[in-house]
Structures are given as C-alpha cells and as structure tokens.
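The primary structure of each chain is shown beneath.
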Amino acid sequence: MKNKVFVFISIFFLIGTGFCFANGQKADSVDQVKLTYIYWGSPAEDAAVKQALADFQVANPNIKVEPMYLPGDLDGSTYNAKMKALAASNTLPDVGYFRAEEFGNYAEKGFFLKLDDLMARDGMQDSYLPQTWLKIKGNTYGAYTAAECQVMWYNKKVLQDAGVPVPPTDYKKAWTWDQFVSYLKMITVDSKGKHPGDSGFNEKDVARYGVYYDLWSSMYYPSVWSNGGDIIDTDGKTVHVDKPETIEAFQNLADLMNVHHVMPHITGGTNISPSTMLANGQLGFYVTGQWTLLELGAMKDLDFGVAALPIMKKPAQLYVSGVNVVFNSSKHPEEAWTLQKWMMDPAKTLDLYTSGLWMPTKQSYYTDEKDLAKWLDNDVHPKGFKEAVVDSMAISVNDPIKIKNINQIWGDYLNPAIESIWIGDKTAKQALTEAAGKIRNSGLLQGSY
C-alpha cells in the first residue's frame, strides 16, 4: 500500500512539474519572492526604470518585481492621496519612490523601514554622498533616488542666429542677471522680426522666446538663494518669503514674462512643451531639472548645450530628488532592501545615468576619474556638463523637505500668491507680504522633523 501511495504522489508531482514547464514557468517559481516597486515619471523614465528592474530580476532570479507606475510627476497632495488609499486597502508596495516633501510626515508615522542596521552591515554609510541619506530623529528611513539639480540648456543654433555668445559653463563665472536678460532680448523676436524694446514689437505674436523657466516650488530656490533670499527657514518656524531679497528674486522672474516679454506666460502663452520649443528653434534657453536630459538627449536633431545658471548676487544650486524607501509593511524587507541597493548602485544601473535621467549618489562617481567617465563620457551629456552641473553640486543646498507642513504651506499660501505674481495681478512685494502674514497666523509653523 505504501508503495502505491508513493507512486501516486510521484506521478502527481511530475505531472504538476510538467504543467509548470509547459506554461513557461520555472519549477522553483513557487519559491519566488514577489515585490512591488512604485515610481512616477515621464514615459522615458518609465522605460528606463522598467529596464533596471528587469536587469535586477536577471541577477536575482529568486525575486520577481512588479512595477507600479504612476504616470507623470505627481504633486505631494496627489501622491499623498494615493498613499492613503493604498494603506487603507492594505496594498502598499514594498519599495520605491516617495514624495520628498511628505517624507518626514510618513517616516514619523512608521510607514518606512529603518535602514541603519542594514546600511552598517553592508558598509553603505560612507560610500554615498552625505546628502543622500534622510534621517528623522537620528534614524535613517530613506535615501534620495539621485543627485539632481537645476540646469540651463540652450539651443546652439538659436543663440548663433541671434548673435548671442556661448554662455559660460563655470558656475562661478556665469552671466549676471542683467547680462542674461539682455541676451534674452536679442533672442526673443516677434513674427515681424522685432525684439522687445523695438518700436512696434508685438508681445502677443512672439515667434521665438529667450527662455522658459520651469516654475514650481523646488525650481524657485536657486534663484531665491542666488539673490540672498529664502522661503521658510529650516527651523520650520521662521518665514523669509517677505524678505526684500526674496521679493526681488520673484519679481525678476515675473518680469521675464510681464515686463521684458522674453518668456511665455505660464497661462495662455503656448501649449507646446518647452523641450519641443527648444528643439524647434522657438526657444533659446530652458531652465529646468537635470532629469530632462533623458528627453533632450533622445532628440537626435537637437544640437544643444549646457550653461551655468545666471547669478543674481552669488552662485547657487539645489540638491533635489525623489526619495526611495522600503515600506515597513513589506513582508520581504531583506529582498526589498536588496532591490533598494540595486537601484542606488550605478554599477548595476548605469543606463539610468548615461541616459541622462539621474546623477549618481555614490561618492566615487564624482571623485574617481574612471567612475566619473563611466556616466559622463557619452553622446548624451553635452560638453561643459561637468563644469556647469556636476561641479556646481559642491555648493548645492538640500531642498528643505523636513519642514513640517511644508506641502500644505505651499499649497494653501505660497502657490496661490506666486501665481498671482506670474499673471501680473500683484507685484511680488504685495503677494509675498500678504502670504507671509497668512503663514505666520496659520498655525502651520510647527518646526522640522
């Protein structure tokens, strides 16, 4: 009887194994750990991340990763709503991106795995840029996904046609703001060939603009800091948005649209993306995040360069990125940490850097000439990128994400005030003075995490 039972079980096992192979599954697939990786971004970023995850699975066949892609660059409120929904349905992912300005709030509430012991075990603390690790009350709960900053791209042919000289790449010797504006006027031209300041110039019929600035919270900081201003102190209690230096910086940016007419209006100016305008010769300069290099580098017909950011009073740069976290609810924290490490290691995910999407957070990729060449020496990164962008990270200041309620402060008070400046309803002094008073009386200045 025992022999018959053994034979029956053996036959059942072989049939089951054959079924797995017939359906293209490995026999050991039942032992695979399954992880979900959440992220957002452009279609190009989606493709780059999916490739990195596929490479990870080849190197780690015992781990299957399901991408959870959220199209677009989601703002904090949208992502926060998504996180609440996932938590409520007990479907939080294992690892992936997280909104930087919501990081402290969620870390304090226990959403993320504490990483210190894992980092110490794997010797990771000192091999990455010190800004990379994000701590709350002395404990590490996440890491910046990349080392990103603000960058100024330009169309070489547009500048040449307008008689504008090649801009400096040394961030310490960049154009002054007044020089920059004067060159923007040379580039900007209406359909009849007239420039701002010319008699008969038609600001409503511009054929080519001098510049486009991406106008959202993090992208304001380099200009504000360059002029000696600030928004909210890192203590989370002191408002600086109504300082004269801050007001002047915002007014300078608004004047590009409303006074000098060298930049499209953010509402009703153009429906064409700035990248497309740059490629089409409708734009001279594009000031945006470094990650747009992924898109620009894929435009084969665009001959573009990189320039140092213009200086109002002193050079300034921003360290900004999404955050990568391991969610505390993961049933497989060790495997999730393995994936986190993979996504942080340029040696494993070099395409994310050579493609222009990210800049590394690992120290040696800035200090070791061989490692530096691995991600910079290619056709995507234009000449001068190291001087204008990589070297400027030496003066970069972290996006102040640890201020409590910073997302609500921006959403409720700062963004509406700044938008009124852009459309010309109020001067920067009027709008920011009013906003500062409201913020001080809001009860939201509760310190930092």
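That block above? That's the structure.
Attention in this report is confined to the structure presented alongside it. For clarity, every value in this text was computed on a predicted model and none was experimentally measured.

## A word on the pattern of salt bridges
Then step 1. Applying the stated criterion to the full structure yields 17 salt bridges.
Then step 2. Across the salt bridge formed by Arg121 and Asp122, the nearest N and O atoms sit 2.9 Å from each other.
Then step 3. In this structure, the salt-bridge partner of Asp391 is Lys386, at a minimum N-O distance of 2.9 Å.
Then step 4. Owing to a relative accessible area of 28%, Asp391 belongs among the partly exposed residues under this scheme.
Then step 5. By sharing partners, the salt bridges in this structure join Arg121, Asp122, Glu334 and Lys341 into a single network.

## Considering helix 18 (residues 428-440)
A turn of α-helix holds 3.6 residues, and therefore any two residues three or four places apart point the same way.
Then step 1. In this model, helix 18 (13 residues) spans 18 Å end to end at C-alpha, consistent with the 18 Å of a helix rising 1.5 Å per residue.
Then step 2. Taken residue by residue, helix 18 has Ala428, Ala431, Leu432, Ala435, Ala436 and Ile439 as its buried positions. Angularly, the buried residues of helix 18 cover 130° about the axis, an arc narrow enough to put them on a single face.
Then step 3. Tucked into the core, helix 18 has its buried residues touching helix 9 (244-258) and helix 17 (406-422).

## Considerations on the pairing of strand 6 (residues 150-155)
Two faces, one strand: in a regular strand the side chains alternate between the faces of the sheet.
Then step 1. With 6 of 6 residues buried, strand 6 is to be regarded as a mostly interior element.
Then step 2. Bridge count for strand 6 against strand 9 (residues 283-289) is 5 bridges, and the pairing is antiparallel. Considered in strand 9, the bridge of Met152 is made with Val287.
Then step 3. Two elements, strand 6 and strand 10 (residues 304-307), share 4 bridges in a ladder whose sense is antiparallel. Among the inter-strand pairings, Met152 is bridged to a residue of strand 10, identified as Ala307.

## Looking at unusual backbone geometry
Then step 1. Within the chain, Lys137 stands out as a residue other than glycine whose phi angle is a positive 50°.
Then step 2. For Lys137, the location among the structural elements is in the loop between strand 4 (133-136) and strand 5 (139-144).
Then step 3. Taking the relative accessible area as the measure of exposure, Lys137 reaches 69% and is therefore exposed.
Then step 4. Of note in the backbone geometry, His261 takes a positive phi value of approximately 60° without being a glycine.
Then step 5. Using a relative accessible area of 15% as the deciding quantity, one classes His261 as buried.

## Description of the nonpolar core
Then step 1. Residues Tyr37, Trp153, Met343, Met359, Trp375 and Phe385 are the most contacted members of the largest nonpolar core, which totals 86 residues.
Then step 2. Counting 57 residues, the second-largest nonpolar core is a separate cluster that includes Val181, Val224, Ala431 and Ala436.

## Describing the packing of aromatic side chains
Then step 1. Tallied over the full model, the rule gives 34 aromatic pairs.
Then step 2. Between Tyr37 and Tyr39 the ring centres are 6.0 Å apart and the planes differ by 40°, which places this aromatic pair in the tilted class. Take Tyr37 and Tyr39: they sit in the same class, and that class is buried.
Then step 3. With 5.3 Å between their ring centres and 70° between their planes, Tyr220 and Phe250 make a pair best called edge-to-face. Of this pair, Tyr220 sits in helix 8 (residues 217-226) while Phe250 sits in helix 9, placing them 30 residues apart in sequence. You'll find Tyr220 and Phe250 in the same group, each marked buried.
Then step 4. Taken together, the aromatic side chains of Tyr37, Tyr39, Trp40, Tyr69, Tyr97, Tyr353 and Trp358 make up a single cluster linked through ring pairs.
Then step 5. Looking at Arg99, its charged tip hangs above the ring of Trp40, at a distance of 5.8 Å from the centre.

## With respect to the environment of Gly437
Then step 1. Of note, Gly437 is situated in helix 18.
Then step 2. A C-alpha to C-alpha distance of 32 Å links Gly437 and Val151, two positions 286 residues apart in sequence.

## Details of the sheet that holds strand 3 (residues 95-98)
Then step 1. Sheet architecture is open: 6 strands sit in the order 2-1-3-12-5-4, paired in mixed fashion. Each edge of the open sheet carries a strand with a single partner, namely strand 2 (63-71) and strand 4. Direction aside, neighbouring strands of the sheet carry axes that sit 30° apart on average.
Then step 2. Bridge count between strand 3 and strand 12 (residues 323-326): 4 bridges; the pairing is antiparallel. Each residue of the ladder has a partner; that of Gly96, found in strand 12, is Val325.
Then step 3. Packing against the sheet, helix 2 (residues 43-59) makes contact with strand 1 (33-41), strand 2 and strand 3, and its axis sits at approximately 175° to strand 2.

## A short note on the side chain of Ser355
Then step 1. The topology assignment puts Ser355 in the loop between helix 13 (351-354) and helix 14 (364-367).
Then step 2. A polar side-chain atom of Ser355 sits 3.4 Å from the main-chain carbonyl oxygen of Leu352.
Then step 3. Once residues lying within four places of it in the same chain are set aside, the contact partners of Ser355 are Leu293, Leu294 and Val380.

## Quick look at helix 9
Then step 1. Under the 1.5 Å per step criterion, the end-to-end length of helix 9 is 20 Å for 15 residues, consistent within 8% with the ideal 21 Å.
Then step 2. For helix 9, every residue scored as buried is listed here: Thr246, Ile247, Ala249, Phe250, Asn252, Leu253, Ala254, Asp255, Leu256 and Met257.
Then step 3. Buried positions along helix 9 lie against helix 7 (177-187), strand 8 (206-213), helix 8, helix 17 and helix 18.

Conventions used here
Residues numbered from 1 in each chain as written. Predicted model: local features only at pLDDT ≥ 70, side-chain atom pairs only at ≥ 80, totals over all residues. Heavy atoms only, no water. Salt bridge = Lys/Arg side-chain N within 4 Å of Asp/Glu carboxyl O. Buried < 20%, exposed > 50% of the residue type's maximum accessible area, 1.4 Å probe, protein only. Helix = DSSP H or I, 4+ residues; strand = E, 2+ residues; numbered from the N terminus. Expected span 1.5 Å × (residues − 1). Arc of directions from axis to C-beta. Contact = heavy atoms within 4.5 Å. Pairing = 2+ DSSP bridges. Core = buried A, V, L, I, M, F, W, Y, C linked by side-chain atoms within 4.5 Å. Phe/Tyr/Trp six-rings, centres within 6.5 Å; stacked < 30°, edge-to-face > 60°. Lys NZ or Arg CZ within 6 Å of the ring centre and 35° of its normal. Axes fitted to C-alpha atoms, helices over the stretch in contact; angles between N-to-C directions. Polar contact = N/O pair within 3.5 Å; in protein donor to acceptor, adjacent residues only side chain to side chain.

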